[in-house]
Amino acid sequence: MSKLFPTYEVGSLPKLNARVRAVRGQPVTDEDIKEVRSLAKRFSVEESEVVEILERQRQKKGKLTSEEETALADFNALLYLRLQEGMGFDVVYDGEARRAEMYQHVATRVSGFEKSPEMIRSRGPDSWRMAVCVDTPVLQEGSLADLVIREFEFVRKHAVRPIKIPIDDPYMIAVMSDNRYYLESLRPEYGDDPRQLRYEAKRAFTLALARRVIRPQVEAVVERRAAWIQLDIPAATLDIKHIPILVEGVNAVVEGIKDVKLSLHLCYPRRVSLTEEKGYELLFPALLNLNPQVNHLSLELANADQYEDDLAIFAQYRDQRQFELGVGVMDITLEQQQRKRMETPEIVKNRILRAATTLGDDRLVYVAPDCGLRQLQLDRCLKLYETMIEGAELARRG
Amino acid sequence: MVGAYLTGAFGQSQDLYKARNEAKRGRGLPEAAVQQAKKDTQRIIQLQRDAGMDFVVDPMFNFFYLFQPFAEQVEGVKAGPQENWFNNNVFYWRPQIHGPLPLQTGFTEKYLHLHELPADGTAMLVLPSPYTMLMLSDSTGYPDRTEAVTNLAEVICTEAQHLASQGIGRIQYDEPAIVVKQSLGSLTEEDLMLLKRGMEVCGHVDGVTTSLHTYFGDAGPIIPYLISLPVDCLGIDGTETSLVDILKHDYAGKEIALGLLDARNTSLEDPQRIVEQIRAVADRTHPAKLWLTTNTGTEYRGFTHGTRKLDLLRRVRSMLHE
């Protein structure tokens, strides 16, 4: 990209309150409709059809028709696309407006997966529905349309700016799922060496997901002329000894894929690793083995604000492998929202310039929030975007 | 005779999830979640009794992470940034410790269901090992790490003694960090010294037995060192440590808790194979007492899965007693 410090969103935005309530069959409030009208006006999106649906839903309880749900989803996707374009993003998507949640979006469409009976606790009271792998994982027949094709074609049709589509990485799905099938399959071979058994079972699981679940999605959007695909790997450094599996999984997804820009989004690097290395250092030298076409990484950095330390490893390996980096400059954690804290444009500017100085090349630096914003309030997301775009502009001026 | 028990936090029920979620979103009362946790605790305690477990462990439904009572109740400790709990999609908040910490008692009580537990010396409670807590915290105010681990061990030991006075029979110190470091190849002499120092302070607690329970890593290469520590029982994660390595040693005088059931996978182990493994260890390594356990708590796979592993423990224990 010729522009200095291009900006993009990493992933999700929170669904519109009005849509969430309407889809759940709950009464929509005046406030919800006011928000829809206001955003639609600000970003020049036609809202009369959805407001009519929402008005009907204001007093009554009950399910929407599938046509009404589709109309709301289309509106939400178009609004977030226009919102990103209108606020000045250089690369855009739809805020994952059609996806319930990144893991479930894929896990519920895989044959060979069963749902765990209960929600599993993860972060405080927050929980997730784990999938249990009980057979070779394969994408369910006919699921590509709902997974990626419909949303991608909609965005491509409406987008004015370049687009980047996020897709789950196989290693992420493997790490978040219960790997019963491969553990049992490989136990006869590796049963006497439990650590090797876990490694080989995770490797087999990841590669099966790469080839049978993730790659078909990548092929489907490449066929439809996707220009940039981002694979999401939030749990990259979870199991330090297993990082080579992550790389092998990515390579299995992208092998032979041509004419598309490929990137990885990595978040939550381990800062307490119990080794000499920490953060993104943990990913090296394994990342050097990534398929050369994967030349861009988007990184969570703002919540630690240690740009020089965290990025030094990329500068250190620059002679062997030079990655463009999407530098996370906005801390998107709930803690920041609860404390009502946010970066200023000046802080953003300084972070961008610190990153550029550490990497030694301005052209390698893209600008993004740390991660998707699904958990935040929408008005905070807008403020966060404004701050980031303004900070990037300040950085361009030097 | 081989005994059996669960080793930590139990998986939450769907009812508990719903109650917590409703409270979090302001649609339900926090009290409803408290009541559901109590109800589930009673149920799990009864299930452990029915399964003939030799120790009955508090299922820790009021804990979101092991260090929570310290971060919320102990003067000088605060919750810091969130981190992954080892290689799990579960998080803890890194304790920010400004020492030296004062000694206080009863700070874990509001998180436990002490009145639901048996008072006959068969109840077991879990506390962090001082070494693991030190390694996963940021600490200031100490001249060196030896002083830090000593102070943490004193705080933990004081609480352990308080719990012992409430009729508890066993205190289990959770010690994942030492074997994870061993597995990652980053273990140093200082690590072993700090672990030992912590156990010297809190390894003996009047009126109870203590167990140093290692998990998430391979204990094999450091088993001789671990055996030498002043605790009654050593817990080994059998899903990380090979049986070949476990069988190399003589555990005379030390109790061994073997975590051969993988609490982090829904696959149910073959009970006959577990029986054979346990018998091999009993016959060849001469422990003072041998316990069959899950490698860790069942919290990583939920309530139903936890009950299945508990039932498997019951079946294997019963086969061993035939």
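Refer to the structure presented above.
Right, let's walk through the structure included here. Fair warning: this is a prediction, and the values are worked out from it, not measured in the lab.

**Quick word on the overall build of chain B**
From N to C terminus, chain B includes 11 helices and 11 strands. For a compact globule of 322 residues, the expected C-alpha radius of gyration is about 20 Å, and chain B comes in at 19 Å, within 12% of that figure. Overall, the C-alpha framework of chain B stretches about 50 × 45 × 35 Å when taken along its three principal axes. Buried residues in chain B amount to 65% of all 322 residues. Taking contacts inside chain B between residues at least 6 apart in sequence as the whole, the part at least 24 apart equals 73%. Carbon together with sulfur atoms contributes 48% to the accessible area of chain B, which is approximately 11,400 Å² in total. Each charge class in chain B was averaged separately, 30 positive and 40 negative side chains, and the resulting centres sit 7 Å apart.

**Side note on the packing of aromatic side chains**
In this structure the tally under the stated criterion is 24 aromatic pairs over all chains. For the ring pair Phe113 of chain A and Phe205 of chain A, a centre distance of 6.0 Å and an interplane angle of 65° mean the geometry is edge-to-face. With Phe113 of chain A in strand 1 (residues 110–123) and Phe205 of chain A in helix 9 (residues 194–223), the pair connects residues that are 92 residues apart, well separated along the chain. Overall, the relative accessible area of 13% leaves Phe113 of chain A in the buried class. When the ring of Phe216 of chain B is compared with that of Tyr300 of chain B, the centres are 6.0 Å apart and the planes differ by 65°; the resulting orientation is edge-to-face. Here Phe216 of chain B, found in the loop between strand 8 (209–213) and helix 8 (223–227), pairs with Tyr300 of chain B, found in the loop between strand 11 (289–294) and helix 11 (303–321); they are 84 residues apart in sequence, far enough to count as distant.

**Notes on the sheet that holds strand 4 (residues 91–98) of chain B**
All names here are of chain B. If you walk across this open sheet you meet the 3 strands as 3-4-6, and the pairing is mixed. Every other strand in the sheet has two partners, leaving strand 3 (77–84) and strand 6 (138–140) as the edge strands with one partner each. Strand-to-strand twist of the sheet, defined as the mean angle between neighbouring strand axes without regard to direction, takes the value 20°. As judged from the 6 bridges shared by strand 3 and strand 4, these two strands associate in the antiparallel manner. Each residue of the ladder has a partner; that of Glu83, found in strand 4, is Tyr92.

**Topic: helix 6 (residues 144–158) of chain A**
Residues and elements named next belong to chain A. The end-to-end C-alpha separation of helix 6 is 20 Å, in line with the 21 Å expected for 15 residues at 1.5 Å each. Listed as buried for helix 6 are Leu147, Val148, Ile149, Glu151, Phe152, Phe154 and Val155. Contacts made by the buried residues of helix 6 are with helix 4 (66–87), helix 5 (102–107), strand 2 (126–139), strand 3 (165–168) and helix 9.

**Side note on the pattern of salt bridges**
Proximity of charged atoms lets side chains of opposite charge pair with each other. Throughout the structure, instances matching the rule amount to 46 salt bridges over all chains. Close ionic contact of Asp32 of chain A with Arg21 of chain A constitutes a salt bridge, the shortest N to O distance being 2.7 Å. Of this pair, Asp32 of chain A sits in helix 2 (residues 30–42) while Arg21 of chain A sits in helix 1 (residues 17–24), placing them 11 residues apart in sequence. Arg21 of chain A gets classed as partly exposed once you look at its relative accessible area, which sits at 28%. Through salt bridges that share partners, Arg195, Arg198, Lys202 and Asp239 of chain A together with Glu240 and Arg264 of chain B make up one connected network.

Conventions used here
Residues numbered from 1 in each chain as written. Chains lettered and ligands numbered in written order. Predicted model: local features only at pLDDT ≥ 70, side-chain atom pairs only at ≥ 80, totals over all residues. Heavy atoms only, no water. Helix = DSSP H or I, 4+ residues; strand = E, 2+ residues; numbered from the N terminus. Rg over C-alpha atoms; globule rule 2.2 N^0.38 Å. Buried < 20%, exposed > 50% of the residue type's maximum accessible area, 1.4 Å probe, protein only. Contact = heavy atoms within 4.5 Å. Areas by Shrake-Rupley, 256 points an atom, 1.4 Å probe, with all protein chains shown as cover. Lys, Arg positive; Asp, Glu negative; His and termini not counted. Charge placed at Lys NZ, Arg CZ, Asp CG, Glu CD. Phe/Tyr/Trp six-rings, centres within 6.5 Å; stacked < 30°, edge-to-face > 60°. Pairing = 2+ DSSP bridges. Axes fitted to C-alpha atoms, helices over the stretch in contact; angles between N-to-C directions. Expected span 1.5 Å × (residues − 1). Salt bridge = Lys/Arg side-chain N within 4 Å of Asp/Glu carboxyl O.

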